[in-house]
Amino acid sequence: MRKKLHIGNVVQINFFSFLYLIGYILGISMAINVYAEHGPKVEIGISEYSEIGGNADMQATTAAFDKNKNSKSTTDHSKLEELEGPFFDGREVTKACLGCHNKAGTQFLKNVHWTWEYKHPITGQLLGKRTLVNNYCTNAKGNEGMCAQCHAGYGMEDDNFDFTNEENIDCLVCHESTGTYYKTPTNKGNKACSIMFEGKNPIEWSKVAQSVQNPGRNNCGKCHFFGGGGDNVKHGDLSSALFNPSKEVDVHMDSEGLDFACVVCHVSNEGHQWSGSRYNMIAKDEVGLGKPGIPRQEATCESCHSSSPHPMTSLQGIKLNGHTDRVACETCHIPKIAKGGVATQVDWDWRTMGKLKDGEGFKLKEYTQGNGDHRATYKSIKGNFVYKENFNPFYAWFDGVMNYTTIDTKFDPANGPIDINGFTGDFNDPKSRIWPFKRMHTTQPYDKGNNTLVYMHLWGEDDQALWGNYSFEDSIKMGMEKNGIPYSGEYGFIETYSYWPINHMVSPKEDALACAECHARGEEGRLNELRGFYMPGRDYFKWLDIIGYLAIFGVFGIIFLHTMMRVLCKKGVIKICKSGDEK
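Residues numbered from 1 in each chain as written. Predicted model: local features only at pLDDT ≥ 70, side-chain atom pairs only at ≥ 80, totals over all residues. Heavy atoms only, no water.

Attention now moves to the packing of aromatic side chains. Applying the stated criterion across every chain yields a total of 30 aromatic pairs. Between W348 and W350, the ring centres sit 5.2 Å apart and the planes meet at 15 degrees, which makes this aromatic pair stacked. Over the ring of Y378 we find K355, and its NZ or CZ is 5.2 Å from the ring centre. A cation over a ring is seen here: K357 above F362, with NZ or CZ 4.8 Å from the ring centre. (Phe/Tyr/Trp six-rings, centres within 6.5 Å; stacked < 30°, edge-to-face > 60°. Lys NZ or Arg CZ within 6 Å of the ring centre and 35° of its normal.)

A cis amide bond links G85 to the next residue, P86, at an omega of 5 degrees. Mapped onto the fold, P86 is located in the loop between α2 (56-61) and α3 (90-100). A positive phi angle is found at N232, which is not glycine, with a value near 65 degrees. Among the structural elements, N232 can be located in the loop between α9 (217-224) and β4 (268-270). By relative accessible area, N232 is classed as buried at 0%. Not every positive phi belongs to a glycine, and D259 is a case in point at roughly 55 degrees. Mapped onto the elements, D259 comes out in the loop between α9 and β4. A residue is classified by how much of its surface remains accessible, and D259, at 13% relative accessible area, is buried. (Helix = DSSP H or I, 4+ residues; strand = E, 2+ residues; numbered from the N terminus. Buried < 20%, exposed > 50% of the residue type's maximum accessible area, 1.4 Å probe, protein only.)

With 29 residues, helix α15 (residues 542-570) should cover 42 Å at 1.5 Å per step; its first-to-last C-alpha distance of 42 Å lies within 8% of that length. Immediately downstream of α15, the backbone of G572 shows phi near 80 degrees, a positive value. (Expected span 1.5 Å × (residues − 1).)

Here we take up the pairing of strand β8 (residues 374-379). When you tally the buried positions in β8, you get 6 out of 6 residues, the bulk of the element. Sheet topology places strand β7 (residues 362-368) next to β8; 5 bridges connect them, and they run antiparallel. Paired with K363 across the strands is K379, a residue of β8. Adjacent in sequence and paired antiparallel, β7 and β8 are bridged by 5 residues, among which G372 carries a positive phi angle near 95 degrees. Judged from the 2 bridges that link them, β8 and strand β9 (residues 383-388) form a sheet pairing that is antiparallel. Note that in β9 the partner of K379 across the bridge is G383. Where β8 hands over to β9, the hairpin turn is made up of 3 residues, counted between the paired strands. (Pairing = 2+ DSSP bridges.)

A few words on the pairing of strand β16 (residues 491-501). Bridge count between strand β12 (residues 418-419) and β16: 2 bridges; the pairing is parallel. Across the sheet, the residue bridging to D419 is Y497, located in β16. As paired strands, strand β14 (residues 433-447) and β16 are joined by 11 bridges and run antiparallel to one another. Each residue of the ladder has a partner; that of M440, found in β16, is S498.

Take the pattern of salt bridges next. In the structure shown here, the tally under the stated rule is 13 salt bridges. The shortest N-O distance in the salt bridge between K141 and D159 comes to 2.7 Å. You can see K141 sitting in the loop between β3 (126-127) and α6 (144-147) and its partner D159 sitting in the loop between α6 and α7 (172-175), a full 18 residues away along the chain. Through salt bridges with shared partners, one network takes in R531, R538 and D539. (Salt bridge = Lys/Arg side-chain N within 4 Å of Asp/Glu carboxyl O.)

Glancing now at the confidence of the model for the chain. Summary statistics for the chain give a mean pLDDT of 86 and a share of 85% for residues scoring 70 or more. Across residues 1-13, where pLDDT falls below 50, the model places 0 contacts with residues more than four positions away in sequence or in other chains. Contacts for the low-pLDDT stretch residues 579-583, under 50 throughout, to residues beyond four places or in other chains number 1 contact. (pLDDT = per-residue confidence, 0-100. Contact = heavy atoms within 4.5 Å.)

The next thing to look at is the nonpolar core. By size, the foremost hydrophobic cluster in this structure holds 33 residues, and its most contacted members are M456, L466 and W467. Mapped onto this core, the elements with two or more residues apiece are β9, β14, α13 (466-469), α14 (472-482) and β16. Looking at this core element by element, the count peaks at 3 residues for α14. Core analysis: the next-biggest nonpolar cluster, separate from the first, contains 27 residues, C97, Y154, I169 and V212 among them. (Core = buried A, V, L, I, M, F, W, Y, C linked by side-chain atoms within 4.5 Å.)

A few words now on the side chain of H504. With respect to the secondary-structure elements, H504 resides in the loop between β16 and α15. Judged by its relative accessible area of 15%, H504 falls in the buried class. What H504 contacts, discounting residues up to four positions off in sequence, is D237, L238, D250, H266, R278 and I334.

This part is about a negative patch on the surface. A cluster of acidic side chains, namely E461, D462, D463, E473 and D474, defines a negative patch on the protein surface. Along the chain, E461 falls in the loop between β15 (452-453) and α13. (Patch = residues over 30% accessible without salt bridge, like charges linked within 9 Å, V, L, I, M, F, W, Y side chains within 5 Å. Areas by Shrake-Rupley, 256 points an atom, 1.4 Å probe, with all protein chains shown as cover. Lys, Arg positive; Asp, Glu negative; His and termini not counted. Charge placed at Lys NZ, Arg CZ, Asp CG, Glu CD.)

On the surface, Y549, I552, F553, V555, F556 and I559 cluster together into a nonpolar patch covering about 670 Å² of accessible area. Topologically, F553 is positioned in helix α15.

Considered for burial, the residues of α3 that qualify are G90, V93, T94, A96, C97 and L98. Tucked into the core, α3 has its buried residues touching α4 (104-108), α7 and α8 (205-210). Two to three positions downstream of the cap, the backbone nitrogen of R91 sits 3.2 Å from a side-chain oxygen, assigning the N-cap of α3 to D89. (Polar contact = N/O pair within 3.5 Å; in protein donor to acceptor, adjacent residues only side chain to side chain.)

Next up, the structure:
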């Protein structure tokens, strides 16, 4: 009896153990699936920049952009015989465009989108993508094969590109409106990079040529939203969220409201020369017309809203207008950056570059941003990243002038982080105002012997390209030699900062900063780190406060005494005799 019972118990225990085991396996399987779907993702290979010109959201919403903006145009390009084709490449389309727009080529040859070069009129520095080093992918110079995807031309492979040939101009990148046009690298990268543009549909040249119109957000956003290697990586206020934004994301670009295209503010004053430059900014516009809809010269808030934008019918409006000479409009009206569910990079560490899985590069996606997309926190070709969204900007006094650390600039590494684009501004300077910035921190290579930044050879099929051999030593040596820059042969790593003035993603007026967010003591005050001037509510000077309190109490005391005198005189308690009334 006991034996049978024992056997039964064993069978029963084994049965439940079996069920438990099945349940455990199923649970683990479900957990793995959930983790695979929502958790960190590992992707083998490199897919940098393949989304440029192929963003699904952009294609879905392109048709809605600027649908009524060209109502004043006298030409319907879809009806022009010259654009019927057949065309076999972009240069043939450009030739057809220049056949009618016979001044456009000459005009565009001077545009910074074409020249990639700008000489600063104040500092005298030669700037532009053809020369500068940044703290993202470091340098376009020497890597034109990849970076030229965002050049408004055809065939830029290296420094031998002909900048005088009008037929090399890419008209479509700025003017086509189908959303199907895209650009690929002008030469090949290594094996890991070759998969980036597989499976794309061929461009229908006649279709995109016949769709041309004034640039819409889709045209500008293809490059400006995805600069630096991904969505909103660089600027913090320019992302795919602006393709179809709500009022809360941007009150001007609100797709259900004003629905501004970029060129509404970035107007073309002279043929193909647009206002608004990060190389030479206007920190305080004193000549803006101040009336929305009227032609203007600059892309500033004042050019539309004037320097007295708040209603003068209230004490608050008068007081707020008193701030505009010292505080940029963006400071109060862009209280958060990286809005709309798209994060921006705030830290990049190149030192960890080069880790491989089974001999191949990979990406590890451990950050899930507000819109649900996973962002890479590690890439074999670039290192580690940190992201943030919906955060407070960095504030500083700014007069519009920036001084860049160029490839020729020597510095002392012992002095701490290097400013890639240090700027000037001061409380005592009437041209300066408090501005919001995105501040980017990077740890990147530099020439340890010469104490300069370096050019790196990132893109190419050769053995020296970093995005293939993962060797800083080889890529820096090639990058410097290829561009004729002295190199000591020894590299190290240095911390750098870059500063990006914030202009976009303007919030509705009801979401603007309240007074107490700046006029507050301690960490609660947004401007707590700005020193060298007195700010009411934040700063405390004992004797100044005592004098202020005495003045206030003194005024009330005089008012009280005056009132009491009138009351006592009226009741006859006190008589004040006029001269001659009494003898």
